[in-house]
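Chain by chain, the residues run as shown.
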Amino acid sequence: MNDSAININTALVSKDQPIVLSSVFKSGTWLLRFIIENITGLKYIEPPIKTGSMDPCDPTLIHIKADHFYSWHFTLSAAIQEKLIRYQAKPIFLVRNVYDLAVSMYYHFANNIDHEIGRGANKHDYFLRIGKDNGIRKIITGCDDNEFKWKGIGPHLMQIESMFHFTTIYPCHLISYENIVNSKADSIRMLADFLDIPLSVEEVIRLVTNSEFDAMKSAARKQNKASHFRNGKTQSHTYELKQQHYDAMQECLDEYAPRLYSLSRKAGFSHILSHSLA
Amino acid sequence: MKIGLFLPQNNHFYARIATALKTGFEAFGHKVFYDLKLYESDMLLQFCRCFEPDCIFEMNRSKNEIDELPGNIIHIAWIVDLLGRDINDIQESELIYFFGTGWKDLHVNKHESFVDWLPPGFCPDTYKPTHRSKIFDFSFIGHIPRPWASTELNRIIYAQGDTYFTFKQLFEQCQSTWAQHGGLHQLRPRQYLQMIEDVLRSNINNDFRINDRIIKYDIETRSTRMINRQTLMDKALSSSSSTSIFGSNNWLEWPNYRPFYAGYLDTHDKVRNIYQSTKLSLHEGIGIHFRTLDCMGAGGTLAFMPTSRDDLTDGINSHFEPFRHYIPIDINGDCGHLKYYLKNDSKILKIAQEASLLVKQKHTWYARCKKILSNIASL
């Protein structure tokens, strides 16, 4: 099979409807960006990253630019909703099982992911010292230590809830990491349908193959940025989380995203709140 | 080797099977592409040109149902559901695997295919055993067909002049015949299918065959599913009212079972949790089914409705031992044995542990992939 990039479909992308991707931190952003880039031929843009000082609800951080699609971890605040509607955007939202998110966020810090591209949080010594169970707990509940300041998973849950809510009032495309990993070909077809870009069988096959975890990790390794690719699987929480973590998550869900259960269920995304000790 | 894997639908059930098979084949060094749909001929040919597979594995479709496939590609059909087809409609694939107990023996192999039984596999990640306190005495996970609608019962199967024969007559006569022979669960597929033919012969003529796929499916599959599940549930409910039924809301259309219906389980986690929270998880006994393995592997205790097929080479007893790995339900006896187990937590725990161990040792998807690859190598 020819492994070259798939045909560029840029000409088919609607100029009047900018593509805007909001993904939850650690939900598979790189993977989905890769897929969208290959479907549309567009490159992504994101706001300049300033650690700790970016408001995910700030609409001024969303830059609509011709010949690109926008990608960041924004929350659907009223102002952002208004902006997306005004621009007649095609919003794509990427979510993930929240328990797997907690695990992935933990490893992001504990393994100092992305250090090789200058985006490491440099908290790995701290996480090594406090141990995994404690570390995961802090990821879920938040932490205000001198060494590590983190709001917890709550704001991310709020972000996910805002995505599900917005899909009830505006045409959006919701996709989960689990969808992409477990039914990738279909996920790609559905995404392409949403973007009104027809894909041939060959394009789908090539994109499925080129976005395999091993293929992406191998490509990243050549560019010295492979730390981002940890295991590419779903359900890792089954082996990593303990009762205390599930309890803590439930408290966060109750506080930050009390409607997420019903919204995700109605949208057919029950799996994002499903866990092994339910 | 490059393997194309195609399952019929995109839902969490098929997605789990596909990912498990992919992981299994990849563990042996093979490259796998899978999709959760069966491709039309043109798409399949495009796939073959692009991916250049050595082998195509499809669930519920045989090679003779595909217009064209390059001759060098090995086609594997895994028939989990006949979907109203005659079993002998399944032909030409280099490897034909049947899921159901006794199906292999019914099949007439016309094209020198390698024909075998392939039960499902177990995914230890999805159904990881966890100890849980028991909430229910019994649970059943699965759907039941809707009760017959009057329009379905009134379908005319055969008419000539003033005489006609309806589906209702066919169903009632078959049900009566099956019951006279100890109930459907006591009959082998060949026997109960023969009884359908006998009913048709005695009411219509010797040469009559049902060609309508829906009617054929309704009498051969839907009827049996309906009757078996009623038999099983009636037995459980006569033993304990601490019973929960999970599945599609068709259950609500059955007045006797409506009070016990507890909803649809839309994730594997929920399914696993029910197995682990139930003293005895019911299964109607059609051999080694997805849910029997998932239940046993997850550490649940399986209560299985015995059938006359259980001792066949592709029956459940070819791999599992009654009273050691599962509890056979004495359908025609009283409920004493079920009540006995419901009161003996240590006994059902021991059975669950032995079954879980065996499933993890011998019945994973990895083991199934190993078998398939070995069969391919022997062609």
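See the structure shown above.
Here the focus is the overall build of chain A. In terms of helices and strands, chain A carries 13 helices and seven strands. Its C-alpha radius of gyration of 18 Å places chain A within 12% of the 19 Å reference for a compact globule of 278 residues. When each of the 278 residues of chain A is scored for burial, the buried share is 55%. Long-range pairs, those at least 24 residues apart, make up 73% of the contacts in chain A with a sequence separation of at least 6. Summing over all exposed atoms, chain A offers an accessible surface of approximately 12,200 Å²; the carbon and sulfur share of this is 50%. With 31 positive and 30 negative side-chain charges, chain A shows a separation of 2 Å between the mean positions of the two kinds.

Let us look at the interface of chain B and chain A. Contacts between chain B and chain A engage 30 residues on the former and 27 residues on the latter. Both faces considered, chain B and chain A share a buried interface measuring about 2,300 Å² in area, 49% of it formed by carbon and sulfur atoms. Broken down residue by residue, the surface that chain B buries against chain A is led by Phe33, Cys50 and Asp269 of chain B, which jointly contribute 22%. At the boundary of chain B and chain A, one finds two salt bridges. The tally of links between chain B and chain A comes to twelve residue pairs in polar contact (both at pLDDT 80 or more).

The next subject is the packing of helix 6 (residues 189-203) of chain B against helix 7 (residues 213-239) of chain B. Residues and elements named next belong to chain B. The N-to-C vectors of helix 6 and helix 7 enclose an angle of 120°; their axes lie 11 Å apart at closest approach. Judged by the inter-axis angle, helix 6 sits oblique to helix 7. For the pair helix 6 and helix 7, the crossing hand works out as right-handed. Residues Tyr192, Leu193 and Ile196 of helix 6 form the contact with helix 7, whose participating residues are Ile219, Glu220 and Thr224. Here the contact of helix 6 with helix 7 is built from residues that sort into four nonpolar, one polar and one charged.

Another aspect to go through is helix 1 (residues 29-40) of chain A. Residue and element names in this part refer to chain A. Relative to the 16 Å expected for twelve residues at 1.5 Å per residue, helix 1 spans 16 Å between its end C-alpha atoms, a close match to the ideal helical length. With ten of twelve residues buried, helix 1 is to be regarded as a mostly interior element. Regarding helix 1, the residues found buried are Thr29, Leu31, Leu32, Arg33, Ile35, Ile36, Glu37, Asn38, Ile39 and Thr40.

Moving on, we get to the pattern of salt bridges. Side-chain pairs of opposite charge can arise where the charged atoms are in close proximity. Residue and element names in this part refer to chain B. In this structure the tally under the stated criterion is 34 salt bridges over all chains. Notably, a salt bridge pairs Glu220 with Lys216, separated by 3.0 Å at the nearest N-O pair. Linking Glu220 with Lys216, this pair stays in helix 7, spanning four residues, or about one helical turn. When sorted by exposure, Glu220 lands in the same class as Lys216, which is buried. One salt bridge connects Arg324 with Glu321, and the closest N-O pair in it is separated by 3.5 Å. For Arg324, a relative accessible area of 39% corresponds to the partly exposed category. Counted as one network, the salt bridges with shared partners bring together Glu152, Arg155, Asp218 and Arg222.

What follows covers the environment of Glu112 of chain B. Residue and element names in this part refer to chain B. Looking at the element boundaries, Glu112 is found in the loop between helix 3 (103-106) and strand 6 (114-117). Among the residues examined, Glu112 registers a relative accessible area of 80% and is labelled exposed. The spacing of Glu112 and Tyr261 is 149 residues in sequence and 47 Å in space, taken between C-alpha atoms.

Ranked by size, the top nonpolar core spans 55 residues in total, and within it Phe74, Val95, Ile153, Ile160, Phe164 and Met249 of chain A carry the most contacts. Tallying contributions element by element places helix 3 (residues 98-110) of chain A first for this core, with ten residues. Ignoring sequence-local partners within four residues, the contact set of Ile153 of chain A consists of Val98, Leu101, Ala102, Met105, Ile139, Ile140, Met249 and Cys252 of chain A. Core analysis: the next-biggest nonpolar cluster, separate from the first, contains 48 residues, Ile144, Phe165, Val199 and Phe208 of chain B among them.

Moving on to empty space enclosed by the protein. Gaps left between atoms are located by rolling a probe of water-molecule size over the structure's atoms. Residue and element names in this part refer to chain B. Across all of its chains, the model carries four cavities of 30 Å³ or more by this definition. Empty space within the largest cavity amounts to approximately 50 Å³. If you trace the largest cavity, you find it lined by Ser139, Phe140, Ile141, Tyr275, Ser281, Leu282, His283, Arg291, Cys295 and Leu302. At the level of secondary structure, the elements contributing two or more residues to the lining of the largest cavity comprise strand 7 (136-141), strand 11 (278-283) and helix 9 (290-297).

Another aspect to go through is the packing of aromatic side chains. Taken as a whole, this structure holds 45 aromatic pairs over all chains when the rule is applied. Relative to Phe208 of chain B, the ring of Tyr158 of chain B has its centre 5.6 Å away and its plane inclined at 80°; by these criteria the two rings are edge-to-face. A residue pair is termed long-range when its members are at least 10 positions apart, and Tyr158 of chain B in strand 8 (residues 156-160) and Phe208 of chain B in the loop between helix 6 and helix 7 qualify at 50 residues. Between Arg33 of chain A and the ring centre of Tyr44 of chain A, over which it is positioned, the NZ or CZ distance is 3.9 Å. For Lys90 of chain A, the ring lying beneath its charged end belongs to Phe194 of chain A, and the centroid distance is 4.9 Å.

All names here are of chain B. Along the chain, the position of Lys235 falls in helix 7. Buried charge without a partner: Lys235 forms no salt bridge, and the closest opposite charge is Asp330, 6.2 Å away. For Lys235, the side chain forms a polar contact with the main-chain oxygen of Gly333, separated by 2.4 Å. Apart from the residues lying within four places of it in its own chain, the contact partners of Lys235 are Ile329, Asp330, Ile331, Gly333, Asp334, Cys335 and Leu338.

Here we take up the sheet that holds strand 3 (residues 55-59) of chain B. All names here are of chain B. Pairing is parallel in the open sheet, where six strands are placed in the order 2-1-3-4-5-6. Looking at the sheet topology across the chains shown, the edges are occupied by strand 2 (31-35) and strand 6. Put simply, the sheet's adjacent strands are angled 15° from each other on average, direction ignored. Lying over the sheet, helix 2 (residues 41-51) contacts strand 1 (2-6), strand 2 and strand 3, oriented at roughly 155° with respect to strand 1. On the sheet, helix 12 (residues 365-377) packs against strand 1, strand 3, strand 4 (74-79), strand 5 (95-98) and strand 6 and is oriented at approximately 145° with respect to strand 5.

Next up on the list: the side chain of Glu152 of chain B. Tracing the backbone through its elements, the reader meets Glu152 of chain B in helix 4 (residues 150-153). A distance of 2.8 Å separates the side chain of Glu152 of chain B from the backbone nitrogen of Ala149 of chain B, its partner in a polar contact.

What follows is about the packing of helix 8 (residues 184-194) of chain A against helix 9 (residues 201-210) of chain A. Residue and element names in this part refer to chain A. It is the contact of helix 8 with helix 9, at a shortest axis distance of 10 Å, that shows an interaxial angle of 125°. The angle between the axes of helix 8 and helix 9 places the two elements in the oblique class. In the packing of helix 8 onto helix 9, the handedness of the crossing is right-handed. Where helix 8 abuts helix 9, its residues Lys184, Ala185, Ile188 and Arg189 lie against Val204, Leu207 and Val208.

Next up on the list: the state of the cysteines. All told, the structure shown has zero disulfides over all chains when counted by the stated rule. You can see Cys143 of chain A has no disulfide; the closest cysteine sulfur is in Cys252 of chain A, sitting 13 Å from it. Free cysteine: Cys48 of chain B, not disulfide-bonded; nearest cysteine sulfur from Cys50 of chain B at 10 Å. You can call Cys48 of chain B buried: its relative accessible area is 7%.

Procedures and definitions
- Residues numbered from 1 in each chain as written.
- Chains lettered and ligands numbered in written order.
- Predicted model: local features only at pLDDT ≥ 70, side-chain atom pairs only at ≥ 80, totals over all residues.
- Heavy atoms only, no water.
- Helix = DSSP H or I, 4+ residues; strand = E, 2+ residues; numbered from the N terminus.
- Rg over C-alpha atoms; globule rule 2.2 N^0.38 Å.
- Buried < 20%, exposed > 50% of the residue type's maximum accessible area, 1.4 Å probe, protein only.
- Contact = heavy atoms within 4.5 Å.
- Areas by Shrake-Rupley, 256 points an atom, 1.4 Å probe, with all protein chains shown as cover.
- Lys, Arg positive; Asp, Glu negative; His and termini not counted.
- Charge placed at Lys NZ, Arg CZ, Asp CG, Glu CD.
- Buried area = accessible area lost by both parts, 1.4 Å probe.
- Salt bridge = Lys/Arg side-chain N within 4 Å of Asp/Glu carboxyl O.
- Polar contact = N/O pair within 3.5 Å; in protein donor to acceptor, adjacent residues only side chain to side chain.
- Axes fitted to C-alpha atoms, helices over the stretch in contact; angles between N-to-C directions.
- Parallel < 35°, antiparallel > 145°, perpendicular 65-115°, else oblique.
- Left-handed = near helix turned anticlockwise from the far one by under 90°.
- Nonpolar A, V, L, I, M, F, W, Y, C, P; charged D, E, K, R; others polar.
- Expected span 1.5 Å × (residues − 1).
- Core = buried A, V, L, I, M, F, W, Y, C linked by side-chain atoms within 4.5 Å.
- 1 Å grid on protein atoms, 1.4 Å probe; cavity = no way out; pocket = protein on both sides within 12 Å on 5 of 7 lines; lining within 4 Å.
- Points joined across faces, edges and corners; volume = space filled by probe spheres on them.
- Phe/Tyr/Trp six-rings, centres within 6.5 Å; stacked < 30°, edge-to-face > 60°.
- Lys NZ or Arg CZ within 6 Å of the ring centre and 35° of its normal.
- Pairing = 2+ DSSP bridges.
- Disulfide = S-S within 2.5 Å.

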